[in-house]
Amino acid sequence: MKISKDHPRYLSLVIRERMAAMVEEGIVSPTGLIAHGRGEAFDYLLGERTTPEADAAEKAAAALLLGAKRPVITVNGNAAALAARELAELARATGALVEVNLFHRSEERLSKVCDLVERESGIKVLGRDQDAVLEGIASDRARCTSKGLLAADVVLIPLEDGDRAEAMAKAGKKVISIDLNPLSRTTLAAEVAVVDELTRAVPNITRWAVELKGDAGGIADALSSYENEENLDAVMRRMCQGLKGSTADRSER
Ligand code: ATP
């Protein structure tokens, strides 16, 4: 479908087209589209931009990744479709490993998503050979790699599901989430909860990582000055304002 660049929702429409094409290719699961739609709704309330709260969380996320011994970034179908290259750039900037973990897992899909990320990013990913399990999850979603997720001290989990996020936190890992839903179990399990759209959040975390790299004082300051709960409260207040604002706009028409 041809989308006019003048359309006020141009970017969102282009991304929707890409996600639909990725379902055809077997990268995104059909229910991944529903998760994407939920994200869009929250993003609307934030004005579809990186808020100051998101920027603060993104700076703390970069600091946490840079200070980690074994950082890992997990990638599922939606994340691969939206930001494979950007996630790999973040991995390069922070020395993190990238591991593919799917919610709706099949050998075929796993291999397709690994291929896509490797092709688009030029890095080697973990996940084809899942030789370990994450305690506390009964299903196939427990599967992970011993060199990657299982050994990680800090994990960045974009668009992850709540069970796995909680299991990672329980296993003692420091969790950084990227999830537009400030109420999701994933967000609540995170030590640093980034409430921002993935394609905006990831390049901004990379930008902070490049800026903070080698600056031990800057990394320590970024972490000590960041208050996750306060930050999340401010995000929710901002969403409530967004809702009130749009109601007022409508009554004025
Ligand atoms: P949980 O299982 O953590 O309680 P959930 O049921 O909302 O929460 P999922 O159904 O796995 O979790 O949905 C994935 C989450 O990802 C949604 O909360 C949605 O808001 C968020 N999301 C979807 N697309 C994006 C995106 N592009 N950027 C950031 N967040 C997104």
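Here's what I pulled together on the structure shown here. These numbers come from a predicted model, not from an experiment.

Turning next to the sheet that holds strand β1 (residues 71-75). Strand order across the open sheet formed by 5 strands is β2-β1-β5-β6-β7, with parallel pairing between neighbours. Strands with a single pairing partner mark the edges of an open sheet, and in this sheet they are β2 (97-100) and β7 (192-194). For this sheet the average axis-to-axis angle between neighbouring strands, irrespective of direction, equals 20°. Pairing analysis gives 5 bridges linking strand β5 (residues 154-158) to strand β6 (residues 174-178), with the strands arranged parallel. Bridged to I157 within β6 is S177. Against the sheet, helix α3 (residues 52-67) makes contact with β1, β5, β6 and β7, and its axis sits at roughly 130° relative to β7, the strand it touches most.

Turning next to the pairing of β6. Among the 5 residues in β6, 4 count as buried, and that is most of the element. Handedness of the β-α-β unit built from β5, helix α6 (residues 162-170) and β6 comes out right-handed. Where β6 lies against β7, 3 bridges are found, and the strand directions are parallel. In the sheet register, S177 faces β7, and the bridge partner there is A193.

Attention now moves to the packing of α3 against helix α9 (residues 216-224). As a packed pair, α3 and α9 sit with axes 8 Å apart at the nearest point and diverge in direction by 125°. The angle between α3 and α9 places the two elements in the oblique class. For the element pair α3 and α9, the recorded crossing hand is left-handed. The residues of α9 that touch α3, namely those facing K59, A60, A63, L64 and L66, are I219, A222 and L223. A per-class count over the contact of α3 with α9 returns 7 nonpolar, no polar and 1 charged.

Attention now goes to helix α2 (residues 30-45). Along α2, the positions that sit buried rather than exposed are G32, H36, G39, E40, F42 and D43. Seen along its axis, α2 keeps its buried residues to an arc of 165°; they face one direction. Opposite the packed face of α2, turned more than 90 degrees from it, sit the exposed residues P30, I34, R38 and Y44. Positioned one or two residues after α2, G47 has a phi angle of 80°, which is positive.

Of the strand pairs in this sheet, β1 and β2 are connected by 4 bridges, and their pairing is parallel. Note that in β2 the partner of V75 across the bridge is V100. Since β1 and β2 lie parallel, the crossover through helix α4 (residues 77-94) that links them has a hand, and here it is right-handed.

Let's shift gears to the site of the ligand. By nearness alone, 18 residues border the ligand, and R38, R185, T186, E197 and L198 come closest of all. G162 is positioned such that a nitrogen or oxygen atom in its backbone is 2.9 Å from an oxygen atom of the ligand. In this structure, L198 approaches the ligand through a main-chain N or O atom, which is 2.9 Å from a nitrogen atom. The fraction of the free accessible surface of the ligand (620 Å²) that becomes covered by protein chains is 87%. Within the residue set of the shell around the ligand, elements represented by two or more residues are α2 and α7 (185-189). Looking at which element gives the most residues to the shell around the ligand, the answer is α2, with 5 residues. A class-by-class count of the residues in the shell around the ligand yields 6 nonpolar, 6 polar and 6 charged.

The rules behind each value
- Per chain, the residues get numbers from 1 upward, laid out in the order the sequence is written.
- Owing to the predicted nature of the model, reporting of local features is limited to residues with pLDDT of at least 70; listing and counting of side-chain atom pairs is limited to 80 or more, with chain, interface and lining totals taken over all residues.
- Water and hydrogen atoms were dropped before computing side-chain values, which therefore reflect all heavy atoms in the structure.
- Two strands form a pair only when DSSP identifies at least two bridges running between them.
- Working definition: helices are DSSP H or I runs of at least four residues, strands are E runs of at least two. Numbering for both runs from the N terminus.
- Simply put, an axis is a line fit to the C-alpha atoms, just over the touching stretch for a helix, and the angle between two N-to-C directions goes from 0 to 180 degrees.
- Pairs of residues are marked as contacts when any of their non-hydrogen atoms sit within 4.5 Å.
- Note on classification: 1.4 Å probe, protein chains only; a residue is buried when its accessible area is under 20% of the maximum for its type, exposed when over 50%, partly exposed between these limits.
- When the strands point away from the viewer and the connection leading from the first strand across the helix to the second strand turns clockwise, the crossover is called right-handed.
- An angle below 35 degrees is treated as roughly parallel, one above 145 as roughly antiparallel, one from 65 to 115 as roughly perpendicular, and anything else as oblique.
- The handedness criterion is simple: a crossing whose near helix is rotated anticlockwise from the far helix by less than a right angle is left-handed, and one whose near helix is rotated clockwise is right-handed.
- Ten residues, namely Ala, Val, Leu, Ile, Met, Phe, Trp, Tyr, Cys and Pro, are considered nonpolar, four, namely Asp, Glu, Lys and Arg, are considered charged, and the remaining ones, Gly among them, are considered polar.
- In this description, one arc is meant: the one made by directions from the helix axis to the C-beta atoms.
- Whether a residue is near a molecule or strand depends on its heavy atoms: if one lies within 4 Å, it is near.
- The definition of a polar contact used here is a pair of N or O atoms within 3.5 Å, where within protein one atom must be able to donate a hydrogen and the other to accept one, and adjacent residues in sequence count solely through side-chain atom pairs.
- The protein chains shown are the only cover counted for residues, whose accessible areas, like all others here, come from Shrake-Rupley with a 1.4 Å probe.

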